[in-house]
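# Per-entry structural report
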Number of protein chains: 2
Amino acid sequence: MSASLRALLDVLLFEWLDVEALSTRPRFAEQGRSEWAAMLDAAERIARGVCAPANRACDEQEPRLDAAGRVQLPASTAKALQAYTQSGLSAATQDAEWGGLQLPCAVAMAANAFVSKASVGVAGYALLSTGNANLILAHGNEAQCEVFARPLLAGRWFGTMCLSEPAVGSSLGDLTTRARPDGVDFESDPLGPRYRLRGSKMWISGADHELAENIVHLVLAKVPLADGSLPEGSAALSLFIVPKLRVAADGNVLALRNGVVLAGLNHKLGWRGTVNGLLNFGEDDDCLGYRIGAEGQGLACMFHMMNEARIGVGLGAAMLAMAGFETSMAYARERRQGRAIGQRSGAMVALTEHADVRRMLLAQKAVAEGALALCLYCARLVDEGEDELLALLTPIAKSWPSQWGLEANSLAIQVLGGAGYTRDWPVEQYWRDQRLNMIHEGTHGIQALDLLLRKASRPQALAALAARINATVEAALQRPELAAQANQLAAALALVGRATKAAWSAGDPGQAALHATPYLQAFGHLVLAWIWLDLARVDGDAGRAAARDYFYAYELPLVNAWLQPVLAGALLLRDLDPETL
Amino acid sequence: MSASLRALLDVLLFEWLDVEALSTRPRFAEQGRSEWAAMLDAAERIARGVCAPANRACDEQEPRLDAAGRVQLPASTAKALQAYTQSGLSAATQDAEWGGLQLPCAVAMAANAFVSKASVGVAGYALLSTGNANLILAHGNEAQCEVFARPLLAGRWFGTMCLSEPAVGSSLGDLTTRARPDGVDFESDPLGPRYRLRGSKMWISGADHELAENIVHLVLAKVPLADGSLPEGSAALSLFIVPKLRVAADGNVLALRNGVVLAGLNHKLGWRGTVNGLLNFGEDDDCLGYRIGAEGQGLACMFHMMNEARIGVGLGAAMLAMAGFETSMAYARERRQGRAIGQRSGAMVALTEHADVRRMLLAQKAVAEGALALCLYCARLVDEGEDELLALLTPIAKSWPSQWGLEANSLAIQVLGGAGYTRDWPVEQYWRDQRLNMIHEGTHGIQALDLLLRKASRPQALAALAARINATVEAALQRPELAAQANQLAAALALVGRATKAAWSAGDPGQAALHATPYLQAFGHLVLAWIWLDLARVDGDAGRAAARDYFYAYELPLVNAWLQPVLAGALLLRDLDPETL
C-alpha cells in the first residue's frame, strides 16, 4: 500500500504546494522534479527495506544495559540507521559545503515521511541528530560547526537535546543544571567558551548507545551568579555543547569520557526503538561543555531545534496514523464478516461494506492525510521564509496530528477487533508509540498556551492565516459542489475569531489561559478544514474527496461545541477548589 | 484515596438510589444498610489487600504455557481469587439455597467496584464464573444447576463463555461449531441432552488455567441437519455446557479430560491478567456437551449472560477510569511544577493549580463517577425488574464507560507527563487494559446497532427514559442554580428525539444503521447528563458539582455536533466506494 503514500506525496508536493516553482532559485538550480522523485524513491526503498523490518524488533527488544553498562539495541536498528545516513538524508536540507543535499524542506520532509511511517523509533535518532546539527550551524562558531555539526550531518555522530530535569518538566525557567566557567581563560578555547557542567537531565532520547562514534548533547544550563546561586527564570539559560567523549580542537574523538553518565533507562509504554534515559553531568566535576550562542540566549537557540522538532513530531504522528490506516484498510478489504443490515444468509461481505467500518476508515484517512498535508505545508512555509505564519501553525502541526493520530490509531485497532488488540498485528504498537506525541517536545497543554497566549495574540499572524483561509473560501465558492463547505469554513473562521476575542476579553493572560486547550482543538480543526478544502483546488481524487466530506460533515461541527465554554467565558477552571475533587 | 470511592458509593447507593427501600422486601428481610456496609468493607479489604497487589504482576508476567502445556499465572492471581470467592462475592446476588448472599444487585455491583478498580485482570475470572452460574440457574435443569452452577458459585470451578470463532467475530449466525446428538439415548443423560461437539472458539477469556478444580465452558454451536449441513442464522444456535474435565452424574470431577484443548494463547496489549486463548473442541470426537435450554434457544440463553457481562464491562471501564483519576489526582496534588501565568519567580505550585490540569482532572472525574453511577443505576433497574429501560440503557452502560474511560485514562497519563508514559506508574497499564472494553462483549459498533436498530426503535422504552429525564428536568428547574442545566438537558433530549426520527426517516434499518455510532455517542452523553443532574437532587458535594458543571459546559455541547450528520441524513457512508480510499 506504500505506493499510495507516494502518489499522495506527488499530489501534495507537485500539484498542491507547487514545489517545482523552487527550481528557479539559485539554491535549487541543479534540482527539479526528477531529482526529487529519485530522492523519494530512495527514501521509500530504505524505509521498506531496512526501517520497517526493524520496527517490531525495536519494540520487543527494548533498550537494556549490558553488564558493562552499555546500551544494547537490536542489530536491525543500527542497520536501518546506517542506510539512512548513507542516503544523505541526515543533511537533506543543508548546504553542499556541509555535505548537504540542499533539498527544499518540503521535499526533505516528504522523504522522511516514508522513514517515519516505517519506524518512528528508528527515525528518532536521525531526526534528533539532524536538528542538533542544524542548530549548531545556525548558532555555533566556525570551529563548533566544523567539529560537531559536520560529523552529525555525515551520520557518524548522533545528537540529543537536554532540557528537562527530574524535578522540572515544562517549566524551563526552573532548571538547575549549572555551568561554571572553566578557568580564567575559559573563553579562549577554540571549541567555544568552556564550562564545567553539573546536573541531571531527564527524558533524554538517544541519551546513550553504541550507534555512533560520539554523541553531542545540547544542554540547557545556568551560569551561577558571583555568590554561587542560580539566577531565576528562563532568560538565565545558556546552551552548551557537551560531547559524550572528549574531542580535540581538530575534531578528533579522544578515548576519554566526558563526565556524562547514563544513570538509568526509562521503560516506556511505546516508542521503545529510541533509547531514553536520565543523564548525570559532572558528578566528579569532569564534564566539559562549550557554550553555543551568547549567555542567556540558550532558550532562543534551543527553540531553533524545538520548532523543527515540533513539526517533526507532527510528521511522525501523521505517519503513525497513516501506518494504522493502511494496515486496517488492508485488513478490512480482506476480512469477510457479516452482511448488509437485514440480510441473514448468503456469503459474508468484506468489512469495508459495513457503515461503521467505513466511518472508521474515513476518519483515519482524514487525519493521516490531512496531518501530512499540514506538515508539508509548514515545510513549504520554511522554504518561503514565511516565519510569522509558520510560528502560528507550529503548535497546530505538533498538537493536531498527535491528538487525532492517537484517535486514528485507536480506530485502526477497532477495525481489526480482537486481532487488533493482540501483538500479532502492528496496530497496537502504533497506538502505544503515538501516545508519546502529546507529551514530548512540549506537552499538549504547552502547545495550547503557546498558541493562545503567544502566537494568536499577534494580530498580523492571525490576519495572515485569515487571508489564506479566505482565499481558499473564495476559490471554493466558485465551485458549486464545494460552496457549502466553503461557507462552513468561513463560519468556523469567524467563530474562532470571536473565540480569540472572548478568550482575551479581560486582557488577562491568566484568564485567557483557562481556555487554551479547547481553543487549540478548535483552531486545529479550523486549520485542517482549510487544508482539506484548499487541497480540493487542485485535487479531484474520489477517496480524498470522501475524506474531506467526512471531515466537514462529522468533524468540523465539533469546533462549535469546543468553543462553547470559551465563548461563554466559563470560569469553572479558575474557581475550582482542587481539594474538593 | 480509596476512601473516596467508599464515600461515593454510600451517596450513590443510600442517598441517590435509595437502596434501603429494598429492605422491606422479604428477599432482603435480614439485610439493611449495616449489613451492606459490612459487605462493602469486606470487598474493599480484599481489593486493597490481595487484588491491587496482584495487578502489576499479572501484567508483567503474562500468561504462558509450561512444558506440559499448562497455563502459568502469577501466584498472586490465585491468592486474590481465593480471597474473592471465600468472601461469598461469587454468589453475591444468588439465593441462599445456592450458597448465595441474596444481596441486591446494586449492592453486589458496588462491592465488585472495589475489586474491578484494584485489578480488572483478576476480576475477569470471577465475573465470568458468576455470570456463567447465573445463566445455568436461569436456564438449566435441576441436575445442571446442582452439578455445574453450585461449584461455580462456591468458587471451586470457574466458567467461560464461548461465542466467537476464528472466522466469525460479531456475526454469530455464521458460527460453525457443530454439536451432534451422542447416541440414540442422548436425551436421557441426567446432566441434560448429551452431544458431541466439534469446532474452534476464539478469544476465550479464562480458556484454561490451574486456578480451579474444573472449568465450565458455555458453548454456542449448531446441531447439523439430517444431511450433515449446518442450518443458517443465529436462530439455529443452541447452548452447551462443556466441562474441561468430565463430570459424573453426582457432580464428581473425573480425572479425564473432555476433548477441550487449548490451541494457543493470545498475546494481548493489556488485560493480561485474564488468560485468553483459542480452544479446540472434539478434535478426536471426544468432547461431550450437555445442552442447556431448548434447541435453537442458544442465543437467547447466552444473552442472559451477555447483558450481565455488558454492564460488567461498563463497571470495569468505570473503575479503570477511577483508578487513573485517583492516581493522577494524587500525583497532581503532590508534584510541584511551574507557577501561575505571568509569575516568573517564587516557589513552584502544585500541578492542580494549572487550568489545563484541572480540566483533565475534572474530565476524568466526570467520566469515572458518572459511569459508576450509570452502572449502579442499571443494577438498581435489575432490582426493580425494570427490564425495558434496562435493555435500552445496557448498550450505553457498556459503550459509554468504555469509550470515555479510555479518554480518561489517556488524560491520567497526560497529567503525569513523561512519567505517565513509563511503566514506573500504573496509568499506562490502565490505558492498555481499558482499550479492550470497546471490543469485547459486543464491539462499540455492535452496541450502536443494538441501540438504534433494536432498543431505540421501541417507543415505549424511549418514553420510559424520557419520562425519567423530564422528571429530573422538572425537579432541577425548581432550583435556580440548576435551571440552566435543566434547560440544557431538556434541549439535548429533544435533539436526540429529533435524531431518532431523522435516522429512521426512511423506515429503513440499513439507512438508520449509517447513523448508529454518532447516535450512540450522543445518546450516551444525554444519559450521562441526566445521571449527573439527577444526582444533584440529593447530593451537594462541591467536587461532584464541579464535575457536573464541567460536563454541562464542556461535554454536553458535543451532542449537537455529533448529531449534525444524523439530522442532515448524510449518506456519505452509504455512497462511499471503498476502493477509492
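Rules behind the numbers
Residues numbered from 1 in each chain as written. Chains lettered and ligands numbered in written order. Predicted model: local features only at pLDDT ≥ 70, side-chain atom pairs only at ≥ 80, totals over all residues. Heavy atoms only, no water. UniProt positions renumbered as here; feature names shortened; annotations may be inferred. Helix = DSSP H or I, 4+ residues; strand = E, 2+ residues; numbered from the N terminus. Buried < 20%, exposed > 50% of the residue type's maximum accessible area, 1.4 Å probe, protein only. Contact = heavy atoms within 4.5 Å. Salt bridge = Lys/Arg side-chain N within 4 Å of Asp/Glu carboxyl O. Polar contact = N/O pair within 3.5 Å; in protein donor to acceptor, adjacent residues only side chain to side chain. Nonpolar A, V, L, I, M, F, W, Y, C, P; charged D, E, K, R; others polar. Domains from an automatic or database assignment. Buried area = accessible area lost by both parts, 1.4 Å probe. Least-squares fit on C-alpha atoms with pLDDT ≥ 70 in both.

Chain A has the name Butyryl-CoA dehydrogenase in an unreviewed UniProt entry, where Inhella inkyongensis is given as its organism. According to the UniProt record, the Sequence similarities (unreviewed entry) comment for chain A is "Belongs to the acyl-CoA dehydrogenase family." Check the Cofactor (unreviewed entry) section of the UniProt entry for chain A; it says "FAD".

### Focus: the side chain of Asp 208 of chain A
Residues and elements named next belong to chain A. Inspection of the secondary structure puts Asp 208 in the loop between strand 5 (194-205) and strand 6 (214-222). Of the residues examined, Asp 208 reaches a relative accessible area of 6% and is grouped as buried. Look past the residues within four positions of Asp 208 in its chain and what remains in contact with it is Val 71, Ile 215, Lys 244, Arg 257, Leu 262 and Val 275.

### Focus on the UniProt feature "domain: Acyl-CoA dehydrogenase/oxidase C-terminal" (unreviewed entry) in chain A
In this numbering, the UniProt entry assigns the feature "domain: Acyl-CoA dehydrogenase/oxidase C-terminal" (unreviewed entry) to residues 296-450 of chain A. Across residues 296-450 of chain A one finds 72% helix and 0% strand; the C-alpha atoms that close the span lie 21 Å apart.

### Describing the interface of chain A and chain B
At the junction of the two partners, chain A supplies 91 residues and chain B supplies 91 residues. Inspection of the chain A/chain B interface yields six salt bridges. The closest approach of N and O atoms between Asp 174 of chain A and Arg 339 of chain B, which form a salt bridge, is 2.7 Å. Remark: the boundary between chain A and chain B carries 41 residue pairs in polar contact (both at pLDDT 80 or more). Residue composition of the side of chain A that touches chain B, by class: 43 nonpolar, 24 polar and 24 charged.

### Some details on the domain arrangement of chain A
Residue and element names in this part refer to chain A. Taken as a whole, chain A is organised into domain 1 (2-152), domain 2 (158-297), domain 3 (298-442) and domain 4 (458-575). For the domain 1 and domain 2 pair, buried surface summed over both sides reaches about 2,700 Å², with 72% attributable to carbon and sulfur atoms. Looking only at domain 1, the three residues that lose the most surface to domain 2 are Tyr 125, Leu 128 and Phe 148, adding up to 22% of its buried area. Applying the counting rule to domain 1 against domain 2 returns two salt bridges. Here Arg 272 makes a salt bridge to Asp 59, at a shortest N to O gap of 3.9 Å. If you look at where domain 1 meets domain 2, you find eight residue pairs in polar contact (both at pLDDT 80 or more). At the level of elements, helix 2 (33-60), strand 1 (64-65), helix 3 (75-86), helix 5 (120-139) and helix 6 (142-153) are the ones that each hand at least two residues to the side of domain 1 that touches domain 2. Ranked by the residues each element gives to the side of domain 1 that touches domain 2, the list is headed by helix 5, at 10 residues.

### Thoughts on the relation of the copies chain A and chain B
Its rotation angle being 180 degrees, the transformation that places chain A on chain B also includes 0.0 Å of axial translation and leaves an RMSD of 0.0 Å. The transformation just described matches what one would write down for a two-fold rotation axis. When you check the interface residues of chain A against chain B, 100% turn up at the interface there too, and the contact is symmetric in its surfaces.

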